[in-house]
Amino acid sequence: MAKETSSEKLQNNAFLNKFTEIAVKFGNLLYLRSLRDAFAVILPVFIIAGLGTMLNNTVFMWLFKGATLAKWQVFGNAITNGTLNVAGILVAPMIGYCLARNMNFDNPIAAAAMSLASTFIVMPQSIPATTLAGKAVTVSGAYSTLWTGTQGMFGGIIVGLVATTIFVKLASIKKLQINLGENVPPAVSASFSVLLPALILMSIFAIITALLSGIFNSDLIGLIKTWIQEPLRGFNTSLVGYCIIYFFANLLFTFGIHQTVLSGSLLDPLVLINMNQNMAAYAAHKAIPNIINTSFVSSFTLVGGSGSTISLIIAILLFSKVKSSRQVAALSLGPGIFNINEPMIFGYPIVFNLPMMIPFVLFPIVGTLIGYYATAAGLISRMVVLVPWTTPPVIGPWLATAGDWRAVVVQIIVIAVGVLLYLPFMKISERVAAQEAKMDEAGSTEA
């Protein structure tokens, strides 16, 4: 019988198999999966917001001055109004639709509409404002972008999830369905079928709003922001929480399960909130609040994809003498430039390859620490533009910082450190592969 290779031993490890099984089940939980789906739908909106913010505060400021600049900046301000300032409103119906679809509900559009309506129902009916004379007043019949925008995103998430769950459950009760017969157009019949569930749902949220306003002088979106969003975002996007999540996410990928199973659920929505806050602050010429955000991930944590394998590709092409390794690296270079590294992960391979698992899991943490402390020390600007995750290295951090060349230098340093970190493990992996090949050859000769 042939001796098991190190990769086969890892694949057959009971503990690792159980860990993978649990992680996959967690990542595929109904609500987490729906959350990932919803944010994937609206991600282009926030990328466009980054474009408008960058043009307003870089290109237009280079080209125009005074009144002419103000006229051109209407372009970026209009994009901000349609993206960042309604982020909390956009996310609720998208979550409603995706969750209803994943629950196999036959009318997900209705669920999206109910989520949107419920989000507006729980918003405060009056907001504090300041007149041009500086007098504080209370205004009714208006919505604050503090609640409809980036700060209200988590409120939109919670309301979207809860409203859709209640609505789908109510709509499944046949006694609450109004049947108009077969001669009625399908769209009208579908609307009346969910009329009573919609009435009950909106009444529930209206009662909650009335109680919070009348008794506690508060609102649901504000409470969610204070008691859920900020504590959760505070830990998950802190340096410690962020590194812990990516440690386990990348570890999971070494067992063949994509890291977004964890990071996509626990981190992506929160770093996107941070990103939107940065873009909004940059557009308003205020201090940039967050170091860790969506663009930070692709600039310093996952350079060239999960595990920052662009460094491994460079290490192989520069230092490896193994023909098969160089072929895989050459084929992976093109996709790797655009942060697509599955050819490297499964072709080299990294999965179930113990020597390569170590730098694959640890190097993103090293890159994070370098990028984080360089930003905290003021050596580079904070990220203020959401760039697509497929943006190539060097270009990405330059765009994300609205043209700070120092961010490019720091990313090059991160890549270089990665080459040095990957190099010894690459050599070990090649030696292990060579020895296992000799063992297999000897075993086949004996047979």
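Residues numbered from 1 in each chain as written. Predicted model: local features only at pLDDT ≥ 70, side-chain atom pairs only at ≥ 80, totals over all residues. Heavy atoms only, no water.

As recorded in an unreviewed UniProt entry, the protein goes by Permease IIC component and comes from Lacticaseibacillus hegangensis. The record held by UniProt for the protein lists under Function (unreviewed entry) the comment "The phosphoenolpyruvate-dependent sugar phosphotransferase system (PTS), a major carbohydrate active -transport system, catalyzes the phosphorylation of incoming sugar substrates concomitant with their translocation across the cell membrane." According to UniProt, the comment filed for the protein under the heading Subcellular location (unreviewed entry) is "Cell membrane". (UniProt positions renumbered as here; feature names shortened; annotations may be inferred.)

Draft legend 1. Main features of the packing of aromatic side chains. Across all of its chains, the model carries 15 aromatic pairs by this definition. An angle of 75° between the planes, with centres 6.2 Å apart, marks the rings of Phe-60 and Phe-75 as edge-to-face. Pair noted here: Phe-60 is in helix α3 (residues 30-63) and Phe-75 is in helix α4 (residues 66-82), with a separation of 15 residues, a long-range link. Using a relative accessible area of 8% as the deciding quantity, one classes Phe-60 as buried. Each ring, one from Phe-64 and one from Trp-72, has its centre 4.9 Å from the other, and the planes form 5°; the classification is stacked. Residue classification places Phe-64 among the buried positions, given a relative accessible area of 19%. Pairwise contacts between aromatic rings join Phe-60, Phe-64, Trp-72 and Phe-75 into one cluster. (Phe/Tyr/Trp six-rings, centres within 6.5 Å; stacked < 30°, edge-to-face > 60°. Helix = DSSP H or I, 4+ residues; strand = E, 2+ residues; numbered from the N terminus. Buried < 20%, exposed > 50% of the residue type's maximum accessible area, 1.4 Å probe, protein only.)

Draft legend 2. A look at the pairing of strand β2 (residues 136-140). The element β2 is largely exposed, with a buried count of zero among its five residues. The pairing of strand β1 (residues 126-130) with β2 spans five bridges and is antiparallel. The residue bridging Thr-130 from the neighbouring strand is Ala-136, located in β2. (Pairing = 2+ DSSP bridges.)

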